[in-house]
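The residues making up each chain are set out below.
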Amino acid sequence: MEGMNESEERKEEIVLFENKTLIGREENVAFQKYAVKRQLGKFRYIGTVAFAVLGAMFLAVQDYFLGAVMLALAAVYLFLPLILGKIAAKKKNVPDVIIDGIEEHYRAYEDRIEVSSASGGATVATNVVLYPHIREARVNGNYIYLYISKVQAHILVSTGFLTGNAPDFLSFLEKKGVKVCYR
């Protein structure tokens, strides 16, 4: 439109989806546990089985020390997500802004998602996420994780939609070429 600047044009755009999510300790713990499980994936089970088989083989040839070490490693691999999840969720590993609570406000437009973060009533960050830059969206329980890198994600609570709803939003993302994984 002639005579309008870019910010005036954006004001006239239609917000397709809007979500407000309060990220606090509970949401951070849920994400950390999910991220650890996701990162370890199948290797957790493969490692557990491999160490257990090696442990059994060493015990069979009567090398009890190495057999015990391998079986201990199998147990560690099996419970590794629980251990790492607890470490990541400890207060000393959680940023203060998360402990105090941060409100994420998402507005989805046809070509982008605008994210505004506020803590204590003050805006602490704003950014724009283009759909091609979203690696994938993962649904886990009440949460939608929009991964923008292998380990970094925006967290949306599925019940936080002010405009639209979670199923329609996920369908919209798929139409935009974002891989959506349901768990």
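Before reading on, note that the structure itself is shown above.
The notes below deal with the structure included here.

Thresholds applied
Residues numbered from 1 in each chain as written. Predicted model: local features only at pLDDT ≥ 70, side-chain atom pairs only at ≥ 80, totals over all residues. Heavy atoms only, no water. Helix = DSSP H or I, 4+ residues; strand = E, 2+ residues; numbered from the N terminus. Buried < 20%, exposed > 50% of the residue type's maximum accessible area, 1.4 Å probe, protein only. Contact = heavy atoms within 4.5 Å. Areas by Shrake-Rupley, 256 points an atom, 1.4 Å probe, with all protein chains shown as cover. Pairing = 2+ DSSP bridges. Axes fitted to C-alpha atoms, helices over the stretch in contact; angles between N-to-C directions. Core = buried A, V, L, I, M, F, W, Y, C linked by side-chain atoms within 4.5 Å.

**Things to note about the overall build of the protein**
Thought 1: Looking only at helices and strands, one finds five helices and nine strands in the protein.
Thought 2: Written out in order from the N terminus, the α and β elements of the protein read α-β-α-α-α-β-β-β-β-β-β-β-α-β.
Thought 3: Split into buried and exposed, the 183 residues of the protein put 37% on the buried side.
Thought 4: Nonlocal contacts in the protein, meaning residues at least 24 apart in sequence, comprise 55% of its contacts between residues at least 6 apart.
Thought 5: Approximately 11,100 Å² of the protein is accessible, and the part contributed by carbon and sulfur atoms is 59%.

**Some thoughts on the sheet that holds strand 9 (residues 180–182)**
Thought 1: Here four strands make up an open sheet; going across it, the order is 7-6-5-9 and the pairing mixed. Every interior strand has two partners, whereas the edge strands, strand 7 (153–157) and strand 9, have only one. Averaged over all adjacent pairs, the angle separating strand axes in this sheet is 20 degrees, with direction ignored.
Thought 2: Across five bridges, the pairing between strand 5 (residues 136–140) and strand 6 (residues 143–147) is antiparallel. Residue pairing across strands places Ala137 opposite Leu146, the latter belonging to strand 6.

**A look at unusual backbone geometry**
Glycine aside, residues mostly have negative phi, and peptide bonds are mostly found in the trans state.
Thought 1: Positive phi values are uncommon outside glycine, yet Gln62 reaches one of about 65 degrees.
Thought 2: Following the sequence through the fold, Gln62 ends up in the loop between helix 2 (25–60) and helix 3 (64–89).

**Here we look at the nonpolar core**
If you look at soluble globular proteins, the nonpolar side chains tend to sit buried side by side.
Thought 1: Formed by 21 residues in total, the largest nonpolar core has its most connected members in Ile113, Ile144, Leu146, Phe169 and Leu173.
Thought 2: Sorting the residues of this core by element identifies strand 2 (102–108), strand 3 (112–119), strand 5, strand 6 and helix 5 (166–175) as the ones contributing at least two each.
Thought 3: Here this core gets five residues from one element, more than from any other, and that element is helix 5.
Thought 4: For Leu173, the contacting residues outside a window of four places in its chain are Tyr131, Ile134, Ala137, Leu146, Val178 and Val180.
Thought 5: In this structure, Phe31, Ala35, Tyr147 and Val157 belong to the second largest nonpolar core, which totals eleven residues.

**Some details on the environment of Met70**
Thought 1: With respect to the helices and strands, the residue Met70 is situated in helix 3.
Thought 2: A C-alpha to C-alpha distance of 5.1 Å links Met70 and Phe51, two positions 19 residues apart in sequence.
Thought 3: Contact partners of Met70, with chain neighbours within four places excluded, come to Phe51, Leu54, Gly55 and Phe58.

Structural measurements only, silent on function.
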